[in-house]
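The primary structure of each chain is shown beneath.
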Amino acid sequence: MNLLAQAVNPQASDIVWRLQTHWNWAPWITALFAAAVIAGVVACYRYEMSPAGSGYRGVLGLLRLTTIVLLLLMLSEAVFSGSRNGKPRLGVVLDRSASMDRVDVADKEGEKRSRLDAAEALLTEDDGRLLRQLQRTYEVELTSVDAATTPVGVGADAILAALDKEPKEEATTITDNSATRLGDAITGLLDSSVAAPLQGVVVLSDGQVTAGRSLADSAESARRAGAPLYLVGFGDEQAPPEARLADLVADETAFVDDLVTFQATLGARGLAGKQVRVDLLREGANQPVASQTIAFDEQTNSAPVRLIDRPTEPGEARYTLRATLVEEGNETPPSELTHRLVVRDDQVRVLIAAGYPNYEFRYLKQLLERDETIRVSHHLQEADPEYAEADLTALPRMPIRLDDLAEYDTLVLIDLDPTLLPRSLWDAMGRFVSERGGGVVLVAGPRSLPGAYRSRQAFAALAPTVIGEAGFGGFNDRAGYRLTPTALGVQSAAMELGDTPAASERVWRSLPSLYWRADTGPPKPAAQVLASHPTARLDNGQPAPLIVSHYYGAGRVLMHATDSTYRWRRRVGDVFFARYWIQTIRSLARNKRTEATSGIELMASKRRYEPNEPVRLKLRDQRPEGAPSESASVVLQAAGRADRTIELAPGGGAGRFETVLRDLPPGKYRALLAQAGAEPVATEFEVAAPLGEDAHPEMNRTALEAAAERSRGVFLTHAESDRLTGAIPPGRPTALESLPPYELWNRWPLLAGITACLTAEWILRKRRAML
C-alpha cells in the first residue's frame, strides 16, 4: 500500500515523499478495515457503563485509535522514500547538411531564403519565443547534425548565444555537411545517459537522410522510449528542374591542331519543354570553344553530349564542360565537369609499308610527305634495290625488331606479303602496340591481307577482326557503295570530315563510291566498328565492317577492309582524303610512349570510383634491360591537398606491385611514378562525391509524416510552424534523484508513542474507576 505525501511547496523544493508499506491491500479493504476499527472503538466507549462523561470517553477512544494506528504502522514496516523532481528533457535537432543550403523557403515577406536560415529563424525570432515557451515545462537542448552530431547548448539563453555566435566563427570552423545522419542524431539523444528522461524530440529538417540509421528506425526507437517526434519540414515538396553532366570521356593527350572530342551524358529532371546549353570552356579562353544546345521533352531524361576543340598551343590545357539551363531568370547552379589534356608539338613519325605500289600507297605517301607535322618513312616490298637510294624517305629493308619499330608512332601496313616477312615481326609488332602504345593501320588488299595471314597467330591477335574466319580475295561491286559511319564512327574525331556533325554527315553521303572490299571476318567482341557496308551482311546478319578498331594493350589497331579511300580525292583533291588520314594517324599516335617509360605501366583498376569504394593501383615494370625493381612507390596528387607518397607491395610476380587506397575524399587524383632522368609515368582517376545530398533536393514529406505517425508525434510544414508549441504537450515532472529512505516502523518515537497512549489511557480509566 502506497500513500503519497508531497511537501508544502513542491514547485520550490521539487521534493516528493512517498510512504511505502509491505501491506498490499486493495483500497476498498483498507477503507473497510479502518471503518470497522473506528466503529468498534466508538461502540466500546459509547455503550460502556461509566460515570465518565462523553467527552472523557471520547479522549479515551482517541487514545485507543492512536494506539491501534501506531501498532499497525509498526507491523507494516512503513518507510518514507523521497525523490527530487525536475523538468523533463526536450531535444531539438537542427539539420545543417548541404541540402539545407537550398534557397527555396519563403519568409513572411515572400522573400526566398535557405532552409537552414528558416530553421534557425524559427528558433531565434522574437528573442527565442519558441524556446522560452518550451522552457517553461522542459529542459530544452539543441543538437546540430550533418555528417556528425554536435551538441550546441542547453537552455534558451545558451542556445540563442550559440546560434548568434556561429556566423562569426564560420571562417575558422570546418564542418562536413556532405551527409545527413538524422537518424543517428535522434537515436543518440534517446540513448544518452542523462538523469532526466527524454519526453520528445523536435526535428527541423528537410527529411533527406543520406547516411547512418534511417528516419523510420529512429522513429521506432522514439516510440519504444515514449518520446514522440515533432517534425517541421523545410523546402519545396517538388524537386527543382536540374541538368547534370556525367561520364566525361576524352583523350588525355593530343597533338597541336588535332581534333579532340569531349563526350558526356547530360541527365535532366523536370526540364520537359526546356533547353540546356552545354559549353566547352578552355582555360585562358574568353569564350566557349564549342557549344551544344539540347531540348528535352516528356519522354527524354538524358541526352549525349559531344563537343570538339582543336588546341593550337602545346602544353597542358584544362577544359570545363558546363551545362546551363536556358531560361529567363534562371537561378539553378550549372553542372560542371573538368578534364586535363596534354598537347604535344612534336612531329608524328609514320612508317608506311606496302606490298606493291597501289594507288592507296602512292597518294598516302605523297600526302604525308607534304605535311610538315609528319615525318614519314616508307618501305615497298616490290621495289628495286636502287629505289631506296633514289627516294630519301624509302627504307631498303622493313624494320622487324622492336627497337626499330619503336622509332615510329604509327605504322600503316598496306597489303603486305607475309611470305617476305619473318614471323618474328608480328611478335615485335604486338609489343610495339601493347607495351609502347604505338598505333597500327592494317589496310586490306586483293593479294594478301588479311586472308594470307590466317595461320599467323601473332597477327590474328593483333587484328581487330577474327582473321581465322576471313576469306581470300574480296568482293567487287560494279554499282559501287559508300562507307556508312556507325554511331560510334560519328562520335570519332578522326572521322569528322566537316566543321559540324551535320556537315560531316553530308560529306560522308557525298563521297565518291568505292568498288571493292575485302572479307576481313567478323569484328572481335571488344572491337568498335566505325564504318560498315550499306547493304552487305555477315553470316550473323550484322552489316559487313569496313573500318574496325580495337585497343591492344596500351595502343590501338585500325583495319580498313578497302584500299580505295584514294577515290575520295576525285574532283576535290586532298580535302577529305587528307583530313581523314591525318586525323586517323595522329589519333593513333597519341598513346605512344617514350623509350624510358616503355615496359612500365601504372594503372588504376577504374577511371571513376564511387564514394568509399577502394581504389586499386597496379604497377608493372617489365623493361627488358636490367632486373626488375624490388620495391616501388608512387606520389598521389590532388588539387588542394598535400602530396602523399604511397608504398606499393609486391604482388603477382617479378616487377609487379599493387596497393589498395581506402577512404579517399571526393576529387580528381593523379598517381605519379617518378624516375630519375626519365619521363614520369602517371595514371589519373576520380573519386565521385556522394550524390545523397543532391540526389533528392525536395523535402521528403513522406518520410517525415511516417516518422511522426510511427512515434505518435506531429508533422508540420514550415508554413504551419506557428502551431508547434500547441502540438507539444506540457512536460511532466520527472524524478531526477532518489533521496535516502526513512524507516518509520523501527524508530523509538513510534514505540514511545504506543507506550504513552496505552499508559495515558490506563491512568485515565483508573481515575474514573473504569475497568
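Here, the structure is the one placed above.
Residues numbered from 1 in each chain as written. Predicted model: local features only at pLDDT ≥ 70, side-chain atom pairs only at ≥ 80, totals over all residues. Heavy atoms only, no water.

S.K.: It is not clear to me how the overall build of the protein chain should be interpreted in this structure. Could you clarify?
M.R.: Scanning the protein chain for helices and strands turns up 19 helices and 39 strands. Counting every position in the protein chain, which comprises 771 residues, the buried fraction comes to 45%. When contacts within the protein chain are restricted to residue pairs at least 6 apart in sequence, long-range pairs at least 24 apart make up 72% of them. As presented, the protein chain carries roughly 39,100 Å² of accessible surface, and 51% of it is formed by carbon and sulfur atoms. (Helix = DSSP H or I, 4+ residues; strand = E, 2+ residues; numbered from the N terminus. Buried < 20%, exposed > 50% of the residue type's maximum accessible area, 1.4 Å probe, protein only. Contact = heavy atoms within 4.5 Å. Areas by Shrake-Rupley, 256 points an atom, 1.4 Å probe, with all protein chains shown as cover.)

S.K.: Sorry if this is basic, but what is going on with the pattern of salt bridges here?
M.R.: Once the charged atoms of two side chains with opposite charge are near each other, the side chains can pair. Under the defined criterion, the tally for this structure stands at 41 salt bridges. Here Glu 316 ties to Arg 340 by a salt bridge, and the two come within 2.9 Å at their closest N and O atoms. Of this pair, Glu 316 sits in strand 17 (residues 315-326) while Arg 340 sits in strand 18 (residues 335-344); the two residues are 24 residues apart in sequence, bridging distant segments of the chain. Residue class for Arg 340 comes out buried when judged on its relative accessible area of 17%. A salt bridge links Glu 505 to Arg 509; the shortest N-O distance between them is 3.1 Å. Pair noted here: Glu 505 and Arg 509 are both in helix 14 (residues 501-510), with a separation of four residues, about one helical turn. What makes Glu 505 partly exposed here is its relative accessible area of 48%. Judged by relative accessible area, Arg 509 falls into the exposed class, the value being 51%. Connected through salt bridges with shared partners, the residues Glu 316, Arg 318, Arg 340, Arg 670 and Glu 684 form a single ionic network. (Salt bridge = Lys/Arg side-chain N within 4 Å of Asp/Glu carboxyl O.)

S.K.: Would you mind showing me how to read the sheet that holds strand 7 (residues 139-145) here?
M.R.: The strands that make up a sheet are held in pairs by hydrogen bonds between backbone atoms, and each pair lies either parallel or antiparallel. The mixed open sheet is built from six strands, whose spatial order is 8-7-4-9-10-37. If you trace the sheet from one side to the other, it starts and ends with strand 8 (149-154) and strand 37 (714-717), each paired once. When the angles between neighbouring strand axes are averaged without regard to direction, this sheet yields 20°. Across seven bridges, the pairing between strand 4 (residues 89-95) and strand 7 is parallel. Residue pairing for strand 7: Leu 90 is matched across the bridge by Val 140. In this fold helix 4 (residues 115-134) packs onto strand 4, strand 7, strand 9 (198-205) and strand 10 (229-233), with an angle of close to 160° to the strand it touches most, strand 4. (Pairing = 2+ DSSP bridges. Axes fitted to C-alpha atoms, helices over the stretch in contact; angles between N-to-C directions.)

S.K.: Quick question: what am I supposed to make of the sheet that holds strand 13 (residues 260-269) here?
M.R.: Across the sheet, which stays open at both edges, the three strands sit in the order 11-13-16 with antiparallel pairing between neighbours. Two strands close off the open sheet at either side, each with one partner strand: strand 11 (242-250) and strand 16 (302-309). Geometrically, the sheet is characterised by an average inter-axis angle of 25° between neighbouring strands, direction not taken into account. Here eight bridges tie strand 13 to strand 16, and the two strands are oriented antiparallel to one another. Across the sheet, Thr 265 pairs through a bridge with Pro 304, a residue of strand 16.

S.K.: I'm lost on the environment of Ala 353 in this one. Help?
M.R.: Position of Ala 353 relative to the elements: it lies in strand 19 (residues 348-354). With relative accessibility at 0%, the residue Ala 353 sits in the buried group. Separated by 46 residues in the primary sequence, Ala 353 and Pro 399 place their C-alpha atoms 9.7 Å from one another.

S.K.: Would you mind showing me how to read the pairing of strand 21 (residues 410-414) here?
M.R.: Walk down a regular strand and you will see the side chains alternate between the two sheet faces. With five of its five residues buried, strand 21 lies for the most part within the structure. Going residue by residue along strand 21, you find Thr 410, Val 412 and Ile 414 tucked away on one face and Leu 411 and Leu 413 tucked away on the opposite face as well. Examined bridge by bridge, strand 19 and strand 21 share five bridges and lie parallel to one another. Residue pairing across strands places Val 350 opposite Thr 410, the latter belonging to strand 21. The pairing of strand 21 with strand 22 (residues 439-443) spans five bridges and is parallel. From the neighbouring strand, Ile 414 faces strand 22, where its bridge partner is Val 443. Once you follow strand 21 into helix 11 (residues 424-434) and on to strand 22, the crossover reads as right-handed. (Right-handed = clockwise from strand over helix to strand, strands pointing away.)

S.K.: Sorry if this is basic, but what is going on with the packing of aromatic side chains here?
M.R.: Pairs of aromatic rings are described using the distance from one ring centre to the other and the angle between the two planes. Evaluated as defined, the whole model comprises 12 aromatic pairs. Note on Tyr 359 and Tyr 363: the rings are 6.4 Å apart at their centroids and 20° apart in plane angle, and the pair reads as stacked. Pair noted here: Tyr 359 and Tyr 363 are both in helix 8 (residues 359-370), with a separation of four residues, about one helical turn. With relative accessibility at 25%, the residue Tyr 363 sits in the partly exposed group. Arranged with centres 5.6 Å apart and planes meeting at 85°, the rings of Trp 568 and Tyr 580 form a pair that is edge-to-face. Here Trp 568, found in the loop between strand 28 (555-560) and helix 15 (575-588), pairs with Tyr 580, found in helix 15; they are 12 residues apart in sequence, far enough to count as distant. Judged by relative accessible area, Trp 568 falls into the buried class, the value being 2%. The rings of Trp 508, Trp 568, Tyr 580 and Trp 581 are connected pair by pair, giving a single aromatic cluster. (Phe/Tyr/Trp six-rings, centres within 6.5 Å; stacked < 30°, edge-to-face > 60°.)

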